[in-house]
Amino acid sequence: MIMESQKGDLYEGESVDQLAKRMIEHLLKWGVTDAFNDKQIYTILEKAESTLNPLPAMLQVEHPITIVGDIHGQLDALIRYFDAVGYPPKVKFLFLGDYVDRGAKSFEVSLLLFCYKIRYPHSVHLLRGNHECMKMNRLYGFYEELARKRGGRMWRQYQNVFNELPLCARVGQRILCMHGGISQNCNSWESFKALKKPNTPLTCDEGLQVDLMWADPTQDKCNTFAMNKQRAISVVFGEKGLDVFLKKLGLSLIVRAHEVSQEGFNFLFNKKCVTVFSAPYYCGNDTNCGAIMHVSESYEISFTVLRPRMIATPENIEIVKLMENNYKGLRVASPDPNRGRHLQSADVPKPTAPSVQLVPPVTKPVEIKKQ
Ligand SMILES: [Mn+2]
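Because the structure is a prediction, the values reported are computed rather than measured. (Residues numbered from 1 in each chain as written. Predicted model: local features only at pLDDT ≥ 70, side-chain atom pairs only at ≥ 80, totals over all residues.)

It is worth spelling out the overall build of the protein chain at this point. When helices and strands are counted, the protein chain shows 13 helices and 15 strands. In the protein chain, which comprises 371 residues, the share counted as buried stands at 44%. Considering only contacts in the protein chain between residues 6 or more positions apart, those separated by 24 or more positions represent 73%. (Helix = DSSP H or I, 4+ residues; strand = E, 2+ residues; numbered from the N terminus. Buried ≥ 20, exposed ≤ 12 C-beta atoms within 10 Å, placed from the backbone. Contact = placed C-beta atoms within 7 Å.)

Following this line, the structure appears as structure tokens:
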């Protein structure tokens, strides 16, 4: 205890920005927060809350930008992406939520992202996933992790930060990003402008906000919207539903996360919807890649893919072989499977490239205040 108070005292008087800088460096180097006492963590959480608080539920961000899907506490994967493509603020990032639960380092992942948000509010944008809701992260790992590492009171303060996360972001004027999907409760930009960030478990579960965090696309017969039976919440949306939505809002592409994808990304509906999932080897028992998506200045889309990091042992040799087999068909060989694998533009399906080839907006895009 004496040690801890000395550590706090040692840095008495340092600014929140200096503290955030030090925390980023420590997390990147050691992957833990042991050098920081609870008071310092609360300082970061309160600053994150006050930084996010003025933001509307829908952000306007500009490209070039790199979009990151579910991370789920996989700190090493997040750092591998940064290593492969660059760190904030040099590279601008939009995160689509689900920072916590499932993986072992939800605390460290969320803290690292909050520190980046505090230091570079215009280069790091954070959206809310369904796991940044109390009823989810109470049950799927984050609560236990934090109770073990810091105590249950800090988990409560975390909910105050999560409540301030925006729900969606428009990139330029052609792309809309969210964690889950689209909603039949949305007919215009006015719906988005009127949208409030939900701050109770009840308001997380209703209207447009629940679909933004929970909805899934479906290739089934459902052509518009139907109940999302698999998740027992929100909706599934089909191509026709998406077409109407895109047309009404003058958009070309929806980027969402929320579902595991074998290659880390997955296009649907004639490249009008893409899923980006960034946690490779999800939960330790899935053999999926993780990917992040780059949107260039001219709306060209490309991906950086991470293969799951897995070391063969006598116990898991069969699954390692299976994984290797799965990735045979991938388009580019990776010189180092544990580093980012950059697909060349020729190898990447081009959903929306270049901007002139995008489906032209039918309605005139509405100006939305930049963040
Ligand atoms: Mn999710």
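Next up on the list: the sheet that holds strand β5 (residues 168-171). Read from one edge of the open sheet, 6 strands run β1-β5-β6-β10-β12-β11, paired in mixed fashion. Looking along the sheet, the strands with just one partner apiece sit at the ends: β1 (58-61) and β11 (265-268). Across this sheet, the average inter-strand angle for adjacent strands is 20°, counted without regard to direction. For β1 and β5, the ladder comprises 4 bridges, and the chain directions are parallel. Counted as the bridge partner of L59 is A169 from β5. (Pairing = 2+ DSSP bridges. Axes fitted to C-alpha atoms, helices over the stretch in contact; angles between N-to-C directions.)

Looking now at the UniProt feature "domain: Serine/threonine specific protein phosphatases" (unreviewed entry) in the protein chain. Using the residue numbers shown here, the UniProt feature "domain: Serine/threonine specific protein phosphatases" (unreviewed entry) corresponds to residues 127-132. Taken end to end, residues 127-132 is 0% helix and 0% strand, and its two terminal C-alpha atoms sit 9 Å from one another. (UniProt positions renumbered as here; feature names shortened; annotations may be inferred.)

In the case of a regular strand, side chains alternate between the two sheet surfaces. Burial of strand β10 (residues 253-256) is two-sided: the residues L253 and V255 facing one way and the residues I254 and R256 facing the other way are all buried. Pairing between strand β6 (residues 175-178) and β10: 3 bridges, direction parallel. Directly across from C177, in β10, lies its bridge partner V255.

Strands sit in the order β7-β9-β8 across an open sheet of 3 strands; the sheet is mixed. Looking at strand neighbours, the two that pair on one side only are β7 (216-217) and β8 (225-227), the edges of this open sheet.

This next bit is on the nonpolar core. Residues I67, C177, V276 and M293 are the most contacted members of the largest nonpolar core, which totals 95 residues. In terms of residue count, the dominant contributor to this core is helix α5 (residues 106-119) (9 residues). Among all residues touching M293, those that are not within four sequence positions of it are I67, V255, F265, V274, V276, I301 and F303. (Core = buried A, V, L, I, M, F, W, Y, C linked by C-beta atoms within 7 Å.)

Running from N to C, helix α2 (residues 16-30) and helix α3 (residues 38-52) cross one another at 110°; their axes reach a closest spacing of 10 Å. By the criterion of interaxial angle, the relationship of α2 to α3 is roughly perpendicular. Read as a crossing pair, α2 and α3 show a hand that is left-handed. The segment α2 lies against α3, with V16, L19, A20 and M23 engaging Q40, T43, I44 and K47. (Parallel < 35°, antiparallel > 145°, perpendicular 65-115°, else oblique. Left-handed = near helix turned anticlockwise from the far one by under 90°.)

Burial of strand β2 (residues 65-68) is two-sided: the residues I65 and I67 facing one way and the residues T66 and V68 facing the other way are all buried. Where β2 meets strand β13 (residues 290-295), 4 bridges bridge the pair, whose relative direction is antiparallel. Looking at β13, one finds that V68 is bridged to I292. Relative to strand β3 (residues 93-95), β2 is paired through 3 bridges, and the arrangement is parallel. The partner of T66 across the bridge, within β3, is F93. Each parallel crossover has a hand, and for β2 linked through helix α4 (residues 75-85) to β3 it is right-handed. (Right-handed = clockwise from strand over helix to strand, strands pointing away.)

Let's shift gears to helix α8 (residues 152-162). Considered for burial, the residues of α8 that qualify are Y158, V161 and F162. The arc that holds every buried residue of α8, seen down its axis, measures 90°, which confines them to one face. Counted as exposed and oriented over 90 degrees from the buried face of α8: G152, R153 and R156. Check the buried side of α8 and you find it contacts α3 and α5. (Arc of directions from axis to C-beta.)

Turning our eyes to something else, we now look at α4. If you check which residues of α4 are buried, you get L75, A77, L78, Y81 and F82. Just downstream of α4, G86 is the residue with a positive phi angle, here 120°.

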